[in-house]
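Observations on chain architecture
These are the residues of each chain, in order.
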Amino acid sequence: QVQLVESGGGLVQPGGSLRLSCAASGSINNIYNMGWYRQAPGKQRELVATMTSGGSTNYAESVKGRFTISRDNAKNTVSLQMNSLKPADTAVYYCNAKIMWDYWGQGTQVTVSS
């Protein structure tokens, strides 16, 4: 009964920027943790960045200093500002929300290529 919808993916050149957004809807009391994971072809899904309802953040080491996560608890939205993008950032990015269980969006493709 919880749905997550991502937007903002696309094609960008190395060094460019993208902003991903995710909106949660449905029967929601409180989203404890919300954030972003990504999966490249042939690789496992990995954490990119998450934020708790209290504002604590967790970033993958590979994106620290380049990506910034933000949340609006009242609107149940989360965004990811991605700067200085590298080809290694190419992946499908998935929104994640943890309430009683984990919920996932359908994913949005980010391609970084010259």
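Structure: above.
This report concerns the structure included in the present document. (Residues numbered from 1 in each chain as written. Predicted model: local features only at pLDDT ≥ 70, side-chain atom pairs only at ≥ 80, totals over all residues. Heavy atoms only, no water.)

1. Quick notes on the layout of surface pockets
- Estimates place the volume of the largest pocket at around 160 Å³.
- If you trace the largest pocket, you find it lined by Val2, Ser27, Ile28, Asn29, Asn30, Ile99, Met100, Trp101 and Tyr103.
- Classifying every residue of the lining of the largest pocket gives 6 nonpolar, 3 polar and no charged. (1 Å grid on protein atoms, 1.4 Å probe; cavity = no way out; pocket = protein on both sides within 12 Å on 5 of 7 lines; lining within 4 Å. Points joined across faces, edges and corners; volume = space filled by probe spheres on them. Nonpolar A, V, L, I, M, F, W, Y, C, P; charged D, E, K, R; others polar.)

2. Some points on unusual backbone geometry
- With a phi angle near 55°, asparagine 76 is a residue other than glycine that sits in the positive phi range.
- On the basis of relative accessibility, which here comes to 18%, the residue asparagine 76 falls in the buried class.
- Unlike most non-glycine residues, serine 84 shows phi in positive territory, near 50°.
- In this structure, serine 84 sits in the loop between strand 8 (77-82) and strand 9 (91-98).
- Judged by relative accessible area, which is 41%, serine 84 ranks as partly exposed. (Buried < 20%, exposed > 50% of the residue type's maximum accessible area, 1.4 Å probe, protein only. Helix = DSSP H or I, 4+ residues; strand = E, 2+ residues; numbered from the N terminus.)

3. Looking at the packing of aromatic side chains
- Evaluated as defined, the whole model comprises 1 aromatic pair.
- Ring geometry for tyrosine 37 against tryptophan 104: centres 5.1 Å apart, planes inclined by 70°, an arrangement best described as edge-to-face. Of this pair, tyrosine 37 sits in strand 4 (residues 33-39) while tryptophan 104 sits in strand 10 (residues 102-104), placing them 67 residues apart in sequence.
- A cation over an aromatic ring shows up here: arginine 45 above the ring of tyrosine 94, its NZ or CZ 3.8 Å from the ring centre.
- Looking at arginine 45, its charged tip hangs above the ring of tryptophan 104, at a distance of 4.6 Å from the centre. (Phe/Tyr/Trp six-rings, centres within 6.5 Å; stacked < 30°, edge-to-face > 60°. Lys NZ or Arg CZ within 6 Å of the ring centre and 35° of its normal.)

4. Comments concerning the pairing of strand 5 (residues 46-52)
- Counting buried residues along strand 5, 5 of its 7 residues qualify, which places the element largely inside the surrounding structure.
- Relative to strand 5, strand 4 is paired through 6 bridges, and the arrangement is antiparallel. Within the sheet, the bridge partner assigned to glycine 35 lies in strand 5 and is threonine 50.
- Here strand 4 hands over to strand 5 after 6 residues, with glycine 42 in that stretch at a positive phi of 80°.
- As judged from the 3 bridges shared by strand 5 and strand 6 (residues 57-59), these two strands associate in the antiparallel manner. In the sheet register, alanine 49 faces strand 6, and the bridge partner there is tyrosine 59.
- Turn length for the strand 5-strand 6 hairpin, with the two strands adjacent in sequence and antiparallel, is 4 residues, and the turn residue glycine 55 shows positive phi of about 100°. (Pairing = 2+ DSSP bridges.)

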